[in-house]
Amino acid sequence: MLVAFIIVAVIAAGLLVLLLMGQQKTTRITAERDDVSRQLSETGAALDAAESRIATLEAERQELIAEGDRLRADGERLRAEGDGLRAEGQRLGAEGERLRAQGEQLAAQVEESASTLRKRTELADAQAMQIDTLSAARDELQQQLNSAEERIVTLAARPGVVVGEFSAGDANAEMLWGLELARSERAWRNSVAINPVDDASPFESTDDPVRTAVEVEAQALREDVGAMITVDWKADRIESSARRLMVLRVAQEMLALASKAPGAARLVVSQSTEDAGSLTMEFEADDNSEQVINLIPPQISSDLIDVSRDSGVSVTVKAE
């Protein structure tokens, strides 16, 4: 009986131990379960936070992709603009080189112009000195011419003295012809010559000084008073100084009268058809029309000069 009680007690004790152990295990398992549940809850919250973060990151990634595309487009645009600016820079560089070359060329031209200006200034100074010298010579010739003209007036006032009084060998005729030629050359330098200092006088190379003097008289009238007069010289060379002087003075008188007439006129100087030794001067219309040039005939008293009024005015200087 005791043995049975002991066995029962042992069994009870064993069961109690097992119960206690079961309770401890249950408590541990419960604690572990609660810990696992807490961990699962925390993991779920972490997953929710992770998903939210993933969604946020995805949105940011999409924004970054869009921003990258925009930046890529801007980069392409900037690259294209850079290529354009590079090409423009190359063009501007070439233009700069061209302008630099032009600047150097212009500088050389300016230097050349300055050198030319200096030379022309020096030439102008030299010409001014020559003009002063020529002016003094002109004044002296003018005095001589005035004396000669006074001599002519004095001679013309003497009874019986007419144009053409001088003989071919008369020293006065030679002197007066030389002075008249000097006066014609002075008229050329004052009224006709472009550069009176450097231009060569037409009297230096002419073989017919009377013709040259008459042509100069017409040119001087064109320049001084605007007279539209030309000379058509068809006469032979005149050798006698007295005859040269007479022809020139008659031509001067006729040109002076024609300079006041309207329209263009041409002084035709030719050998007379009636007398081969005589010389005829008459005016024609310069436009080849049939218009008659009417002039007041010059008042000349000489057996050697014949004035005709049949068609206009015609003056014939007869042979000596």
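Residues numbered from 1 in each chain as written. Predicted model: local features only at pLDDT ≥ 70, side-chain atom pairs only at ≥ 80, totals over all residues. Heavy atoms only, no water.

J.: It is not clear to me how the pairing of strand S3 (residues 279-285) should be interpreted in this structure. Could you clarify?
T.: A regular strand carries its side chains on alternate faces of the sheet. Along S3, five of the seven residues are buried, which leaves the element largely enclosed by surrounding structure. The sheet contact formed by strand S2 (residues 265-271) and S3 spans seven bridges and is antiparallel. Within S3, the residue paired with Leu 267 across the bridge is Phe 283. (Buried < 20%, exposed > 50% of the residue type's maximum accessible area, 1.4 Å probe, protein only. Helix = DSSP H or I, 4+ residues; strand = E, 2+ residues; numbered from the N terminus. Pairing = 2+ DSSP bridges.)

J.: Help me understand a nonpolar patch on the surface in this model?
T.: A cluster of nonpolar side chains, Val 3, Ile 7, Ile 11, Leu 15, Val 17, Leu 18 and Met 21, forms an exposed patch at the surface whose accessible area comes to about 670 Å². For Val 3, the position within the fold is in helix H1 (residues 2-157). On the basis of relative accessible area, Val 3 is assigned to the exposed category, the value being 56%. (Patch = residues over 30% accessible without salt bridge, like charges linked within 9 Å, V, L, I, M, F, W, Y side chains within 5 Å. Areas by Shrake-Rupley, 256 points an atom, 1.4 Å probe, with all protein chains shown as cover. Salt bridge = Lys/Arg side-chain N within 4 Å of Asp/Glu carboxyl O.)

J.: Can you walk me through the packing of helix H3 (residues 209-225) against helix H4 (residues 241-258) in this structure?
T.: Packing of H3 against H4 brings their axes to within 10 Å, and their N-to-C directions diverge by 20°. Overall, the two elements H3 and H4 adopt an arrangement that is roughly parallel. In terms of crossing hand, the pair formed by H3 and H4 is right-handed. Residues Pro 209, Val 210, Ala 213, Val 214, Glu 217, Ala 218 and Leu 221 of H3 form the contact with H4, whose own contacting residues are Arg 244, Val 247, Leu 248, Ala 251, Gln 252, Leu 255 and Ala 256. Among the residues making up the contact of H3 with H4, the classes are represented as 11 nonpolar, one polar and two charged. (Axes fitted to C-alpha atoms, helices over the stretch in contact; angles between N-to-C directions. Parallel < 35°, antiparallel > 145°, perpendicular 65-115°, else oblique. Left-handed = near helix turned anticlockwise from the far one by under 90°. Contact = heavy atoms within 4.5 Å. Nonpolar A, V, L, I, M, F, W, Y, C, P; charged D, E, K, R; others polar.)

J.: Hey, could you run me through the pattern of salt bridges in this one?
T.: Should the charged atoms of two oppositely charged side chains come close, the side chains can pair. Applying the stated criterion to the full structure yields 20 salt bridges. Note that Arg 77 is salt-bridged to Asp 74, the shortest N-O span being 4.0 Å. Taken together, the residues Arg 77 and Asp 74, both in helix H1 and three residues apart, mark about one turn of the helix. Under the relative-accessibility criterion, Asp 74 is labelled partly exposed at 22%. Note that Arg 189 is salt-bridged to Glu 185, the shortest N-O span being 3.8 Å. With a gap of four residues between them, Arg 189 and Glu 185 both fall in helix H2 (residues 171-192), about one helical turn apart. The exposure class of Glu 185 is partly exposed, given its relative accessible area of 24%. Salt bridges here are not isolated pairs; linked through shared partners, they connect Glu 67, Arg 70, Asp 74, Arg 77 and Glu 81.

J.: Looking at this structure, how should I read H4?
T.: Since there are 3.6 residues in each turn of an α-helix, residues three or four apart along the chain are aligned in direction. Compared with an ideal rise of 1.5 Å per residue, which puts 18 residues at 26 Å, H4 spans 26 Å between its outermost C-alpha atoms and is within 8% of the ideal. Among the 18 residues of H4, 14 are classified as buried, and the element is accordingly described as predominantly covered. With a side-chain oxygen lying 3.4 Å from the backbone nitrogen of Ala 242, the N-terminal cap of H4 falls on Ser 240. (Expected span 1.5 Å × (residues − 1). Polar contact = N/O pair within 3.5 Å; in protein donor to acceptor, adjacent residues only side chain to side chain.)

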